[in-house]
Amino acid sequence: MPLPRGVNGLHHITAISGPAQENIDFYAGILGMHLVKRSVNQDDPGTYHLFYADAEGSPGTDLTFFPWAMAAPPRIGHGLAVETSLEIPAGSLEYWSARLTRYGVRTGPVDMRFGDRSLPVIDTHDFRLALVEGAGGPASYRRFTPWDRSSVPAERQIRGLYGARLWERNIEVTAGFLTGVLGFERLGREQEWTRFGFKNAAGFVDVRDTPGERRGGWGVGAVHHLAWRVDDEVHQLAVRSQVEAAGGHPTPVIDRFWFKSVYFREPGGVLFEIATDGPGFATDEDPARLGETLVLPPWLEAQRDRIESMLPPIALPVGTD
Ligand code: ZN
């Protein structure tokens, strides 16, 4: 069987949060990430979609949120990404630990993950994060531009997405899909976690076999989906065909304006997306002023007044240093 045309590592991760302002205060304020786009959920335009990344919104640095303040907490279980990890520079873990403590953020004890030091963190809305000191290898395949107006100095800033932890009902079924359809490699096993990733792309998934757990479900503080990079639309259609040939049910290509997207569930139930690198966040805003005002995709512009009246006012955090 020919090898699949693999994906190029993580593009973005999207999660569900509580109130938008509290989400901004945590990610743009305490974590010092750049709010590169403030837009709306294109399937639910009365709610925001907020994107935090490096200065430019480079693929692989982007953590995004749907603030659904009225949603219930998630049901942790299989078929769900149970933690998202962000990469921090080697040697910066003590800085981050002290900073998070200063802001009263809940953190867990430092642990080691496949040789990388990791600090577990719980955000304002019980979303589980880890800040991981990456060894630098695959991360060099991800672009990172420091954000010069961040409250965090450039040499300490979050470098991008490190990966995610998944619970699965049958790890071998998911493993076969990751390696046989999306081009992942099985990289190793440590305690109950099996790591999948790429030698020449950034982004790991660590999978735990949890056949005895209930099925997981979305809620405030849960990952909504993981998006994987493809070069362009040709590459995207090739991967889409592989998913379909493997019995998956990918959506048609959807134009998200800043990238094109295809969605499907991997066999264990986690929602995946295949997203193109381009055209990127500067397609509709001055690159120097990304995220400063509400941006709508062209087909929603005619409804701007109504949409703005439904959204709570938000502002960039002040007083975070
Ligand atoms: Zn997405």
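Anything mentioned here points back to the structure above.
An account of the accompanying structure is given in this report.

The rules behind each value
Residues numbered from 1 in each chain as written. Predicted model: local features only at pLDDT ≥ 70, side-chain atom pairs only at ≥ 80, totals over all residues. Heavy atoms only, no water. Core = buried A, V, L, I, M, F, W, Y, C linked by side-chain atoms within 4.5 Å. Buried < 20%, exposed > 50% of the residue type's maximum accessible area, 1.4 Å probe, protein only. Contact = heavy atoms within 4.5 Å. Salt bridge = Lys/Arg side-chain N within 4 Å of Asp/Glu carboxyl O. Helix = DSSP H or I, 4+ residues; strand = E, 2+ residues; numbered from the N terminus. Pairing = 2+ DSSP bridges. Arc of directions from axis to C-beta. Polar contact = N/O pair within 3.5 Å; in protein donor to acceptor, adjacent residues only side chain to side chain.

Topic: the nonpolar core
Alright, step 1. Grouped together as the largest cluster of nonpolar side chains are 65 residues, with contacts concentrated most on Tyr27, Leu31, Leu182, Leu226 and Trp228.
Alright, step 2. Leave out the neighbours within four places in its chain, and Trp228 touches Val7, Gly9, Leu10, His11, Phe184, Phe198, Val205, Phe272, Glu273, Ile274 and Ala275.
Alright, step 3. Ranked by size, the runner-up nonpolar core spans 9 residues in total, among them Val36, Trp258, Phe281 and Val295.

Points about the pattern of salt bridges
Alright, step 1. By the definition in use, this model includes 22 salt bridges.
Alright, step 2. Measuring nitrogen to oxygen at the nearest pair gives 2.7 Å for the salt bridge that ties Arg195 to Asp206. Of this pair, Arg195 sits in strand E12 (residues 193-197) while Asp206 sits in strand E13 (residues 204-209), and the two are 11 residues apart along the sequence.
Alright, step 3. Accessibility expressed as a relative area gives 4% for Arg195, which makes it buried.
Alright, step 4. By relative accessible area, Asp206 is classed as buried at 4%.
Alright, step 5. Via salt bridges that share partners, Lys37, Asp284 and Glu285 belong to a single interconnected network.

Let's talk about the pairing of E13
Alright, step 1. Strand direction decides the pairing type here: strand E10 (residues 160-168) and E13, joined by 6 bridges, are parallel. Considered in E13, the bridge of Trp167 is made with Arg208.
Alright, step 2. Of the strand pairs in this sheet, E12 and E13 are connected by 4 bridges, and their pairing is antiparallel. Each residue of the ladder has a partner; that of Arg195, found in E13, is Asp206.
Alright, step 3. Between E12 and E13, which pair antiparallel in sequence order, lie 6 residues; one of them, Gly203, sits at a positive phi of approximately 135 degrees.

Thoughts on helix H3 (residues 171-180)
Alright, step 1. Buried within H3 we find Ile171, Thr174, Ala175, Phe177 and Leu178. Angularly, the buried residues of H3 cover 165 degrees about the axis, an arc narrow enough to put them on a single face.
Alright, step 2. Backbone nitrogen of Glu172 and a side-chain oxygen of the N-cap are separated by 3.0 Å at the start of H3; the cap is Asn170.

Section: the environment of Arg265
Alright, step 1. By secondary structure assignment, the location of Arg265 is in strand E16 (residues 259-265).
Alright, step 2. For Arg265, a relative accessible area of 43% gives the class partly exposed.
Alright, step 3. Distance in space between the C-alpha atoms of Arg265 and Ala282 is 29 Å, their sequence separation being 17 residues.
Alright, step 4. Residues in contact with Arg265, not counting those within four places in the same chain, are Arg215, Trp218, Val270 and Leu271.
Alright, step 5. A polar contact of 2.8 Å, which involves the side chain of Arg265, links it to the backbone oxygen of Gly269.

What to know about the environment of Ala246
Alright, step 1. In this structure, Ala246 sits in the loop between helix H4 (233-245) and strand E15 (254-255).
Alright, step 2. Between the C-alpha atom of Ala246 and that of Lys260, which follows or precedes it by 14 residues, the distance is 22 Å.
Alright, step 3. Excluding residues that lie within four positions of it along the chain, Ala246 makes contacts with Phe177 and Val181.

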